[in-house]
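# Architecture at a glance
This is what each chain is made of:
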Amino acid sequence: MSREDTMAEQIPHGTRLHRLVEHLRHGEGLGLATGAARQAARGVRSVVRVGDAAGRARMVRLLAESALGREEDQRPASSARPFRVPELGDRIVWLRPRSRDLRAFQFLAEGHHMPPADMPGPVRHIAVFGANIGLLLADLADEYPEARVLGVEPDTDNAVLARRNLEHLGGRGRIVETAVWHRDATLQVGWDRDAWGVNITDTAPEQPPAASDDSLQPRIEAADAGRILADWTGGAPVDYLLVSVESAWQELLAHGDWARDVRCIKVEISDARTVAVADEAVPMLEKLGFRARLQTLPWGAFAIGLR
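These remarks concern the structure in this document. In every chain, residue numbers begin from 1 and rise along the written sequence. Note on the predicted model: pLDDT of at least 70 is required for a residue's local features to be given, and 80 or more for side-chain atom pairs to be given and counted; whole-chain, interface and lining totals, by contrast, use all residues. With hydrogens and water stripped out, all remaining heavy atoms of the structure feed into the side-chain values.

## Some words on the pattern of salt bridges
Here, a salt bridge means any Lys or Arg side-chain nitrogen found within 4 Å of an Asp or Glu carboxyl oxygen. Across all of its chains, the model carries seven salt bridges by this definition. For Asp 142, the salt bridge is made with Arg 91, and the minimal N-O distance between the two is 3.4 Å. Placement of the pair is Asp 142 in helix H6 (residues 135–143) and Arg 91 in strand S3 (residues 91–95), with a sequence separation of 51 residues. Residue burial is assigned from relative accessible area. The probe radius is 1.4 Å, only protein chains are included, and a residue is buried under 20% of its type maximum, exposed over 50%, and partly exposed in between. Assessed through its relative accessible area of 14%, Arg 91 is described here as buried. Among the ionic pairs, Arg 96 bridges to Asp 101, the shortest N-O distance being 2.9 Å. Each member of the pair, Arg 96 as well as Asp 101, is classed as buried. Strands here mean DSSP runs of E at least two residues long; helices mean DSSP runs of H or I at least four residues long; both are numbered from the N terminus.

Written as structure tokens, this is what we have:
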């Protein structure tokens, strides 16, 4: 048994993670073996079996917090610990306790990252803009074992963990550490970054602000989305693209020529700045040649486009 296997804490066993919410909604139990000897030998945390009709949001939060703790501000990649996830083939994943990684786990459990059921096959190339720590990408790779997967993530600590969480894929998986935009550009971060995401806006490079301006927001370099995808696929189509880039989706779709070789796109709309205008995503996708629709949720929406 490897050192990682010995150290790994276990995430509660249930169904596959993207079906976990349905499992909880019906009041079915989730739990771990609670034998004292096993806990002492392997350091496995135990979660009490649940059989009541508690709300799914509360239950998913409880399960995540039992392993990860309540979230704090962004923590470095060096704080991550290995956790064993039965729903991911008993594989080890790296998560930061008391961080927003528990949100990534919850999002994974709800399955919103999966493509629409009417997406045509075959599926050979899958990409995620805003890959976070790689959990969604790893699950997509499991669901489509013949596909190569690409994650684009601007945050260094998130990218470190994403690469670690995709190591089992070998050459099938790749993480590119950069912000993504409709062209190569310098972007201004709209507010303090965290482990979940940032809002960004384009800047005018010909008019850089004065270096003495104390209100200057952080800036990051971004790469052209079309070039990133073409370099990865060698010019072949991207069969499924998940876009999770906070408010930047508007600019990406407004200048969407980069998406001409994308067969299916799913755009997450969850930040407070753009949820109110989520309906605008459908005509923007239609203008790019997609058959588009909007999937609304209590916390936001997904704009879905198919060719």
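## Let's talk about the pairing of S3
In terms of residue burial, S3 counts as a mostly covered element, since five of its five residues are buried. Burial along S3 is two-sided: Arg 91, Val 93 and Leu 95 facing one way and Ile 92 and Trp 94 facing the other are all buried. Across five bridges, strand S2 (residues 81–85) lies against S3 in antiparallel orientation. Bridged to Phe 83 within S3 is Val 93. At least two bridges found by DSSP between two strands is the condition for calling them paired.

## Overview of the environment of His 125
Position of His 125 among the secondary structure elements: in strand S4 (residues 125–129). Between the C-alpha atom of His 125 and that of Pro 237, which follows or precedes it by 112 residues, the distance is 7.3 Å. Contacts are residue-level and defined by heavy atoms, with any inter-residue pair within 4.5 Å sufficient. The contacts of His 125, once residues within four sequence positions are left out, are Ala 147, Arg 148, Trp 232, Thr 233, Ala 236, Pro 237, Val 238, Asp 239 and Tyr 240. Side-chain atoms alone can form a polar contact between residues adjacent in sequence; in general such a contact is a pair of N or O atoms within 3.5 Å, and within protein one must be able to donate a hydrogen while the other accepts it. Only 3.3 Å separates the side chain of His 125 from the side chain of Arg 148, close enough to count as a polar contact.

## A short note on the side chain of Arg 91
At a separation of 3.4 Å, a polar atom in the side chain of Arg 91 contacts the side chain of Asp 142. A distance of 3.3 Å separates a polar atom in the side chain of Arg 91 from a polar atom in the side chain of His 168. Ignoring sequence-local partners within four residues, the contact set of Arg 91 consists of Phe 83, Arg 84, Val 85, Ala 138, Asp 142 and His 168.

## Brief notes about the nonpolar core
Here, nonpolar core refers to any group of buried Ala, Val, Leu, Ile, Met, Phe, Trp, Tyr and Cys residues whose side-chain atoms link them within 4.5 Å. Core analysis: the largest hydrophobic core is formed by 39 residues, its most contacted members being Phe 129, Leu 241, Trp 258 and Ile 265. Leu 95, Met 114, Ala 131 and Ala 147 belong to the second largest nonpolar core, which has 38 residues in total.

## Details of the environment of Ile 269
Looking at the secondary structure, you find Ile 269 in strand S12 (residues 264–269). With a relative accessible area of 0%, Ile 269 lands in the buried category. Placed 19 residues apart in sequence, Ile 269 and Gln 250 show a C-alpha to C-alpha distance of 9.5 Å. Dropping the residues within four chain positions of it, Ile 269 is found in contact with Trp 249, Thr 274, Val 275, Ala 278, Ala 281, Leu 294, Gly 300, Ala 301 and Ala 303.

Without other data, these values stay purely geometric and don't point to any function.
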